[in-house]
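Below are the chains, spelled out letter by letter.
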Amino acid sequence: MKHRGRFGDYGGFYVPEVLIPVLEELEDAFYRFYEDPQFVAELADLSKNYAGRPSPLYYAKRFSEHVGFNVYLKREDLLHGGAHKVNNTLGQGLLAKYMGKTKLIAETGAGQHGLATAMIGALFGMETKIFMGFTDIERQSVNVHKMKLCGAQVIGVEGGTGTLKDAINDALRYWTAHVTDTFYLFGSACGPHPYPTIVKHFQSCIGKETRQQCIERIGRLPDMVVACVGGGSNAIGIFSGFYDDKNVRLIGVEAGGRSLSEGKHAATLVAGRVGILHGAKAYLLQDAEGQVDETESVSAGLDYPAVGPEHCLLKDTGRAEYVAAEDEDVLDVFELLSKTEGILPALESAHALAYLVSLKGKIDPQQVAIVNLSGRGDKDVSIVEKHRPLMND
Ligand SMILES: Cc1ncc(COP(=O)(O)O)c(C=O)c1O
């Protein structure tokens, strides 16, 4: 149903005048096409045959034995491109095509959204530019190379800390000057209206599938659904399948960075105050004067000072809980999942797993937790290696 992008008092579109008609055009196009039978059929075909949906729900037996309760992994890491991001880029890419746009731009942090956009640019034959901060270009260089192989131009962003916030700043600036033929394929469930609504819609397949798979596999709903939160798209995608199931706890895990207590982190919902960034009112990490704080996290995809507006409302209403996992625990669980299951999790997804480890010995062994394994860790191997050098056998 059409609405003006408010989740309680959060959201909205606080953007330069020039972008207002463009966002309205996008909103109109979304509501015109998202239930259009041809659009729906085309997206369903691509989701299945290009991206690899449905993704499996896997019982992680040895990891479960380690934490002392049942853990199932929703394997978004197995999708084409290695993360949940392709759900959104297929949907928005198709929307761009239906709108007659010929060029795509996107921001990226970990490179997963950039890669997923570059893939779709190649698929639809659209010129693609990806904005990426210099810090992220260095730490996620494998994805930079992959984007270029798919024919995208990667534009390095020098400002700020060289992370996701700065990439969004430059992408928005570029879009303001190229609105006629360029579609901004936004990567998370944040930013100005209508993006939080659009991105949630295209990611909600995760929650719908998981709920059904859970009933088929386990014969009941899970006790908790856990997902990492950067801008919030993989979490909102899986949470939305369980909103009405009041006994299912929804837990979002943010980046506690090097030290939550010393303020070196990116845990927006845990430690932020309400403010406005990138066109939306939301929780925001800011200093006493309201200037946006610098963030810090071992995972580029969570290294962002704001968050999607719907998560802010879910926090305030208590429907979802938000916690943070610190870098050292995230690196530990990266190794643990690799050793117990032979699955390398993305450092982003490892935050959700780290929360489960913190529950070890504290909850009933019959409990069932589902973790959204939002991406695979191949892109993070060199980061982990830097922090945890492997010993020669
Ligand atoms: C694998 C993976 N998971 C999670 C995220 C965080 O984004 P979001 O909160 O939108 O799911 C990213 C972002 O790059 C990612 O690459």
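Here, every reference points to the structure presented above.
What comes next is a walk through the structure. Keep in mind that what you see is a predicted model, and the values were worked out from it rather than measured.

**A closer look at the sheet that holds strand 6 (residues 127–133)**
An order of 7-6-5-8 is seen for the 4 strands of this open sheet, with the pairing classed as parallel. With partners counted over all chains shown, the strands left at the sheet margins are strand 7 (153–157) and strand 8 (182–184), one partner each. Taking the axes of each pair of neighbouring strands and ignoring which way they run, one obtains an average angle of 25° across the sheet. Across 3 bridges, the pairing between strand 5 (residues 103–108) and strand 8 is parallel. By the bridge assignment for strand 8, I105 is matched with Y184.

**Considering the site of the ligand**
Residues in contact with the ligand amount to 18 residues; listed here are only the nearest, S188, G232, S233, N234 and S374. With respect to the ligand, the backbone of G230 contributes an N or O atom lying 2.8 Å from an oxygen atom. Measuring from an oxygen atom of the ligand, one finds a side-chain N or O atom of S233 at 2.7 Å. Its residues assigned to classes, the shell around the ligand comprises 5 nonpolar, 11 polar and 2 charged. Residues lining the shell around the ligand come from more than one domain, with at least three contributed by each of domain 1 (13–48 + 84–195) and domain 2 (53–82 + 204–387).

**Overview of the pattern of salt bridges**
On inspection of all chains with the given rule, the structure shows 24 salt bridges. Of the charged contacts, one joins K129 and E127 as a salt bridge, the two residues approaching to 3.2 Å between their closest N and O atoms. E127 gets classed as partly exposed once you look at its relative accessible area, which sits at 41%. Here R173 and D170 are joined by a salt bridge, their closest N and O atoms 2.7 Å apart. Remark: D170 and R173 occur in helix 8 (residues 164–177); sequence separation between them is 3 residues, near one turn of the helix. Three or more residues joined by partner-sharing salt bridges are found here, namely R53, K74, E76 and E209.

**Section: the pairing of strand 9 (residues 224–228)**
Along strand 9, 5 of the 5 residues are buried, which leaves the element largely enclosed by surrounding structure. Going residue by residue along strand 9, you find M224, V226 and C228 tucked away on one face and V225 and A227 tucked away on the opposite face as well. When strand 9 meets strand 15 (residues 368–373), the two strands line up parallel, connected through 3 bridges. Bridging across to strand 15, V226 finds its partner in V371. One ladder, built from 5 bridges, connects strand 9 with strand 10 (residues 249–259); its direction is parallel. Bridging from a neighbouring strand, M224 pairs with R249 of strand 10.

**Considerations on the packing of helix 1 (residues 20–33) against helix 9 (residues 195–218)**
Packing of helix 1 against helix 9 brings their axes to within 10 Å, and their N-to-C directions diverge by 30°. If you check the angle between helix 1 and helix 9, you find them roughly parallel. Between helix 1 and helix 9 lies a crossing of left-handed hand. Residues L23, L26, F30 and Y31 of helix 1 form the contact with helix 9, whose participating residues are Y195, T197, I198, H201 and F202. A class-by-class count of the residues in the contact of helix 1 with helix 9 yields 7 nonpolar, 2 polar and no charged.

So, how was this worked out
Residues numbered from 1 in each chain as written. Predicted model: local features only at pLDDT ≥ 70, side-chain atom pairs only at ≥ 80, totals over all residues. Heavy atoms only, no water. Pairing = 2+ DSSP bridges. Helix = DSSP H or I, 4+ residues; strand = E, 2+ residues; numbered from the N terminus. Axes fitted to C-alpha atoms, helices over the stretch in contact; angles between N-to-C directions. Near = heavy atom within 4 Å. Polar contact = N/O pair within 3.5 Å; in protein donor to acceptor, adjacent residues only side chain to side chain. Nonpolar A, V, L, I, M, F, W, Y, C, P; charged D, E, K, R; others polar. Domains from an automatic or database assignment. Salt bridge = Lys/Arg side-chain N within 4 Å of Asp/Glu carboxyl O. Buried < 20%, exposed > 50% of the residue type's maximum accessible area, 1.4 Å probe, protein only. Parallel < 35°, antiparallel > 145°, perpendicular 65-115°, else oblique. Left-handed = near helix turned anticlockwise from the far one by under 90°. Contact = heavy atoms within 4.5 Å.

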